[in-house]
Protein chains: 2
Amino acid sequence: MGNPNRDHEYLAKLQDYFASYRSLPSYAVIGELLGMASKSAVSALIKRLSLAGFVEMTPDKRLAPTKRFFEREIADFNVPAGLPAAANDAMSDSLSVDDYLIPRPSSTMLVRIKGESMIDAGIFDGDIAVIEKRHAASIGDFVLAVVDNEYTLKELGRDKQGYLLLPHNRDFQPIRPTESLEIYGIMTGLIRKYR
Amino acid sequence: MGNPNRDHEYLAKLQDYFASYRSLPSYAVIGELLGMASKSAVSALIKRLSLAGFVEMTPDKRLAPTKRFFEREIADFNVPAGLPAAANDAMSDSLSVDDYLIPRPSSTMLVRIKGESMIDAGIFDGDIAVIEKRHAASIGDFVLAVVDNEYTLKELGRDKQGYLLLPHNRDFQPIRPTESLEIYGIMTGLIRKYR
DNA sequence: AAGGTTAGTGAACGGTCGTTCTGTTGTCAA
DNA sequence: TTGACAACAGAACGACCGTTCACTAACCTT
């Protein structure tokens, strides 16, 4: 009957559904969604996906996605003209974007970038910076700092006279804190959305 | 009887539950969870939360959280001068970075950037591009294309002679496909990790 | 004090849930 | 060609689902 292993395709549809509704449907509806006429086929599919670690049952026996459900492959596009989609065994990395960028949620915040002072570092106006809150930083880190009562994202530098905040833009001058310099957090990631 | 408006407290428990299991339990279990003895109390609570916009029913009538369900309580630590409170506001209507960048999981892939050809667009070697697979693109889109049997990320351009692939790096020349140009997908996001 | 409002109890009920079992069909290896 | 196997169809079934209704208790107003 069926093709060899359409489970990956079925999983994709469930992922789309969950992305839309933040909930997994009943077996009957899954059947409709996937083009299956009987719930027993769905039941078997769920068992397979459960074994593969993509879904699980909550303590009260409800179907729920696992963390793995949200993982994505990162493909290198060195691949010579073969579809990178088909071969999922040789993938380098597999994780969810959240886990990748935000390993410690409780100490992490997101900050919308304003201004052009870091464009030479590939950080543009409107981008979102992932900031891990902490008060210590190393020279060379990109830091979100409070300088003279104002928040700013710059590279942390140092010279004979003390700490500096270095912009990455030829048109801007380094900032030397006159009164106070407080490190609010360091930048651990960048997020940008197009269109 | 009860205190004035414990709904906020109830919501918090549901949020915790969902964070643990990525699913909302049945009314009976919600009752246990919240210390309610009857399901009709839960039913009433769900109606209230639904009115307030924290939960909703999927098309197939299952209980599901809304985007608002995931909104973070804006922590009330003191704002000296222009605290980056605009932080969460950036992605206020999405529940996670995943959701923000990847609304349609099944047609989205992640590709590790190789090379310097797009550095003037703030896309660096080692960055991860979010690619939405599709074969049609508009002029000006950043596209992952297969040109003469090789994958490349460039801006899609056009002149009198036809389509072009434009790098964003002064040291690179535009690419004019000699044999074939196939659009593999368009770039909808960028992810970078520091350190 | 009376009356309204709101949150919750408890029981009854029809509908839907997911499981299970039997049967069918297409694929693959011997 | 045969037999094993996997994916799926279809029907039956008990359990659990969420709704509804009548009722109670605490808290407003006035």
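Values in this document were obtained by computation on a predicted structure and should not be read as measured data.

Participant: Go over the side chain of Asp7 of chain A, please, and point to the residues and values.
Facilitator: Residues and elements named next belong to chain A. Here Asp7 is to be found in helix α1 (residues 7-21). On the accessibility criterion, Asp7 (13% relative accessible area) is buried. Apart from residues no more than four positions distant in its own chain, Asp7 is found in contact with Leu45, Arg48 and Leu49.

Participant: Quick rundown of the interface of chain A and chain B? Include the residues and the values.
Facilitator: Chain A puts 70 residues into the contact, and the matching count from chain B is 74 residues. Summed over both sides, the interface of chain A with chain B buries roughly 6200 Å², with 57% coming from carbon and sulfur. With its nearest N and O atoms 3.1 Å apart, the salt bridge here joins Glu56 of chain B to Arg22 of chain A. Applying the counting criterion to the chain A and chain B interface returns 25 residue pairs in polar contact (both at pLDDT 80 or more). Here the element with the most residues in the side of chain A that touches chain B is strand β10 (residues 181-193) of chain A; it accounts for nine residues. Its residues assigned to classes, the side of chain A that touches chain B shows 41 nonpolar, 12 polar and 17 charged. Here three bridges tie strand β3 (residues 72-76) of chain A to strand β3 (residues 108-112) of chain B, and the two strands are oriented parallel to one another. Bridge pairing in β3 of chain B links Asp76 of chain A to Arg112 of chain B.

Participant: Outline the packing of α1 of chain A against helix α2 (residues 27-34) of chain A, supporting the account with residue identities and numerical values.
Facilitator: All names here are of chain A. Two elements in contact, α1 and α2, have axes whose closest approach is 10 Å; the angle formed by their N-to-C orientations is 115°. Taken together, the axes of α1 and α2 are roughly perpendicular relative to one another. Crossing hand, α1 versus α2: right-handed. Residues Tyr10, Lys13, Leu14 and Tyr17 of α1 pack against Ile30, Leu33 and Leu34 of α2. Across the contact of α1 with α2, the residue classes tally to six nonpolar, no polar and one charged.

Participant: Which residues make up the packing of aromatic side chains, and what values go with them?
Facilitator: Two numbers describe a pair of aromatic rings. These are the distance of the centres and the angle of the planes. Enumeration over the complete set of coordinates arrives at 12 aromatic pairs over all chains. Geometrically, the ring pair formed by Tyr151 of chain A and Tyr184 of chain A is edge-to-face, given 5.4 Å between the ring centres and 80° between the ring planes. Placement of Tyr151 of chain A in strand β8 (residues 150-159) and of Tyr184 of chain A in strand β10 is noted, with a sequence separation of 33 residues between them. You can call Tyr151 of chain A buried: its relative accessible area is 18%. The exposure class of Tyr184 of chain A is buried, given its relative accessible area of 10%. On the basis of an interplanar angle of 50° and a centroid distance of 4.7 Å, the ring pair of Tyr17 of chain B and Tyr21 of chain B is categorised as tilted. Here Tyr21 of chain B and Tyr17 of chain B lie together in helix α1 (residues 7-21), a separation of four residues that amounts to about one turn. The exposure class assigned to Tyr17 of chain B is buried, which follows from its relative accessible area of 8%. Taken together through their ring pairs, the aromatic side chains of Phe18, Phe69 and Phe70 of chain A make up a single cluster. Directly above the ring of Tyr100 of chain B sits Lys193 of chain A, whose terminal nitrogen or CZ lies 4.7 Å from the centroid.

Cut-offs and rules
- Residues numbered from 1 in each chain as written.
- Chains lettered and ligands numbered in written order.
- Predicted model: local features only at pLDDT ≥ 70, side-chain atom pairs only at ≥ 80, totals over all residues.
- Heavy atoms only, no water.
- Helix = DSSP H or I, 4+ residues; strand = E, 2+ residues; numbered from the N terminus.
- Buried < 20%, exposed > 50% of the residue type's maximum accessible area, 1.4 Å probe, protein only.
- Contact = heavy atoms within 4.5 Å.
- Buried area = accessible area lost by both parts, 1.4 Å probe.
- Salt bridge = Lys/Arg side-chain N within 4 Å of Asp/Glu carboxyl O.
- Polar contact = N/O pair within 3.5 Å; in protein donor to acceptor, adjacent residues only side chain to side chain.
- Nonpolar A, V, L, I, M, F, W, Y, C, P; charged D, E, K, R; others polar.
- Pairing = 2+ DSSP bridges.
- Axes fitted to C-alpha atoms, helices over the stretch in contact; angles between N-to-C directions.
- Parallel < 35°, antiparallel > 145°, perpendicular 65-115°, else oblique.
- Left-handed = near helix turned anticlockwise from the far one by under 90°.
- Phe/Tyr/Trp six-rings, centres within 6.5 Å; stacked < 30°, edge-to-face > 60°.
- Lys NZ or Arg CZ within 6 Å of the ring centre and 35° of its normal.

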